[in-house]
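Here is how the chains run, residue by residue.
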Amino acid sequence: MGSVVLRWCSNFDVNTQPFERALQRLLQCCAILLRLVKRIRVSLKSSAYEVLLGSESLRIAGAEIARTLGGIPSLCLVVTTARVHKHWGNILERSLRAAGLRFLVIEIKDGESHKNFAAVESLMRDFAKHGADRGSIVIALGGGVVGDVAGFAASIYMRGIPVVQIPTTLLAQVDASVGGKTGVNLAAGKNMVGTFHQPRLVLIDPQVLSTLPAREYRAGLFEVIKCGIIRDAKIFGFMEDHKEQVLNRDPKALIRMITSAVKVKADIVAKDEREGGLRRILNFGHTIGHALEADSIYKRFLHGEAVGWGMVAAAEIGVLTGVTPQKTAQQISALIQTYGPLPQVKSAAQDIVRLIQSDKKTRNGVPHFVLVTKIGRTLIANGVPNVAVKKAVDRLRQLSSERLAVR
Ligand SMILES: NC(=O)c1ccc[n+]([C@@H]2O[C@H](COP(=O)([O-])OP(=O)(O)OC[C@H]3O[C@@H](n4cnc5c(N)ncnc54)[C@H](O)[C@@H]3O)[C@@H](O)[C@H]2O)c1
Ligand SMILES: [Zn+2]
């Protein structure tokens, strides 16, 4: 089996922690009274849930989970990776114990290459082996890979048990953890199999970002910039004006960015839960971004980095098709380069066009592009000529070779 069962906390353990429990209650009250945590509601027709955001939220996770579920689950199945567990497992475990929750920690292998059916099956075997039933819940503690794999397993184990998302990368905090998409990759492509399974609670603690490698952190910033471009001109301006604070992971800047991005996503997902219309604007920069990732066999770029280049290309396509003012495109390109360096684009333009044609979001050979009319406003264009796409990719190659800072 690929996963390792690490820690088991029994009824006996949970009943021996009265002091910790009282401490957690106190922390929970303080966090609420001092407004250390914010609550953002995701109002879906099928279900509504809260995103709890604040620098003490991991410490009060147990109490918040019990409160949200309105009772004590039979077992909490904490899914994580060795790296995340090493840094943050203790705090979560202490809070679960203090809240009287029984839990089991399961580590899955790290990395995109393990986001597959084998990981999901192995997880579910562990769930079954340790007696997880319909009263159990999954807690996904990790980046987007953990969130997607654990969320998928939760959505199909015993035909679906609740999942709580505790994202630990910036990308997962501002994007992957909200919206309910779960899934795994096939050899034929990324995220080819999956479900919509909305979390019961999303708990975001920006403090966990302190251990995130710099490149992973910067990759997440591009998804924040994306939210600014499609829906929130203010956060775009904030990113332009607060480079130092943003790069230094200043706590106030983190809260500002994560709050804005989560609000944008929550608002869009509430209006379009299953990507029938409006939700497509979240794919700004992703049409070319996904093609760049696929063309480099998912090795050259982190997802956020590919989206960074994809947004520069989308702005260029907007200019070429008369949708985006030149000045706006320059602003977008400048902001993305501010948070670089990005890995060099080496793909041939015709290869990118070919990959876009075969993308799972392309229907009847017609790809959709999200283009910007002004910062904060977009439209969906279906008739973008291939020649404009090729020109945009050539522009990325040119920018790549011009900038010494780019790897
Ligand atoms: N479901 C969705 O809506 C959605 C949206 C966007 C992306 N995704 C998916 O998310 C995945 C990418 O997620 P990601 O960028 O978070 O990558 P990831 O999950 O692979 O995490 C990146 C690395 O950071 C490590 N890590 C995580 N948190 C850490 C921390 N606090 N300190 C130190 N190390 C830490 C991980 O162990 C891993 O090695 C992709 O599979 C993508 O398809 C899903
Ligand atoms: Zn993305």
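Look above for the structure.
Residues numbered from 1 in each chain as written. Chains lettered and ligands numbered in written order. Predicted model: local features only at pLDDT ≥ 70, side-chain atom pairs only at ≥ 80, totals over all residues.

A.B. asks: How would you explain the overall build of the protein if you had to name every residue and give the values?
C.D. replies: Along the protein, the regular secondary structure elements total 16 helices and 12 strands. Among the 407 residues that make up the protein, the fraction classed as buried is 49%. Across the protein, the fraction of contacts at a sequence separation of at least 24, relative to all contacts at a separation of at least 6, is 76%. (Helix = DSSP H or I, 4+ residues; strand = E, 2+ residues; numbered from the N terminus. Buried ≥ 20, exposed ≤ 12 C-beta atoms within 10 Å, placed from the backbone. Contact = placed C-beta atoms within 7 Å.)

A.B. asks: Tell me about the site of ligand 1, and please be specific about residues and values.
C.D. replies: The environment of ligand 1 is formed by 28 residues, the closest being Gly143, Gly144, Thr168, Thr169 and Ala176. The residue inventory of the shell around ligand 1, partitioned by class, reads eight nonpolar, 12 polar and eight charged. (Near = placed C-beta within 6 Å. Nonpolar A, V, L, I, M, F, W, Y, C, P; charged D, E, K, R; others polar.)

A.B. asks: Could you give an account of unusual backbone geometry, naming the residues involved and the relevant values?
C.D. replies: The linkage connecting Gly340 with the following residue, Pro341, adopts the cis geometry, with an omega of 5°. Note that Pro341 resides in the loop between helix 14 (326-338) and helix 15 (349-357). The phi torsion at Met158 lies on the positive side, around 50°, for a residue other than glycine. Counting through the fold element by element, Met158 comes out in the loop between helix 6 (144-156) and strand 7 (163-167). Judged by C-beta crowding, with 14 C-beta atoms within 10 Å, Met158 ranks as partly exposed. If you check the backbone angles, Arg249 has positive phi at about 55° while not being a glycine. Position of Arg249 among the secondary structure elements: in the loop between helix 10 (243-247) and helix 11 (251-271).

A.B. asks: Give a detailed account of the packing of helix 12 (residues 286-295) against helix 15, specifying residues and quantitative values.
C.D. replies: The relative placement of two packed helices comes down to the angle between their axes together with the axis-to-axis distance. Following both chains from N to C, one finds helix 12 and helix 15 inclined at 110°, their axes separated by 9 Å at the closest point. It follows that helix 12 is roughly perpendicular to helix 15 by the angle criterion. On helix 15, the residues that touch Thr287, Ile288, Ala291, Leu292, Ala294 and Asp295 of helix 12 are Asp351, Ile352, Leu355 and Ile356. (Axes fitted to C-alpha atoms, helices over the stretch in contact; angles between N-to-C directions. Parallel < 35°, antiparallel > 145°, perpendicular 65-115°, else oblique.)

A.B. asks: Tell me about the nonpolar core, and please be specific about residues and values.
C.D. replies: Counting residues in each nonpolar core, the largest one holds 124 residues, and the members touching the most others are Leu77, Val78, Val79, Val138, Ile139 and Val149. Broken down by element, this core gets its largest block of residues, 10 residues, from helix 13 (residues 303-320). Counting residues domain by domain, this core receives three or more from each of domain 1 (4-211) and domain 2 (214-402). Residues contacting Val149, with those up to four places away along its chain left out, are Ile108, Lys115, Ala119, Val120, Leu123 and Val184. (Core = buried A, V, L, I, M, F, W, Y, C linked by C-beta atoms within 7 Å. Domains from an automatic or database assignment.)

A.B. asks: Could you give an account of the packing of helix 13 against helix 16 (residues 386-402), with specific residues and numbers?
C.D. replies: As a packed pair, helix 13 and helix 16 sit with axes 9 Å apart at the nearest point and diverge in direction by 130°. As far as their axial angle goes, helix 16 and helix 13 are oblique. In this structure, helix 13 meets helix 16 at a crossing whose hand is right-handed. Between helix 13 and helix 16, the contacting residues are Trp309, Val312, Ala313, Glu316, Ile317 and Leu320 on the first element and Ala388, Val389, Lys391, Ala392, Val393, Arg395, Leu396 and Leu399 on the second. Looking at side-chain class alone, the contact of helix 13 with helix 16 contains 11 nonpolar, no polar and three charged residues. (Left-handed = near helix turned anticlockwise from the far one by under 90°.)

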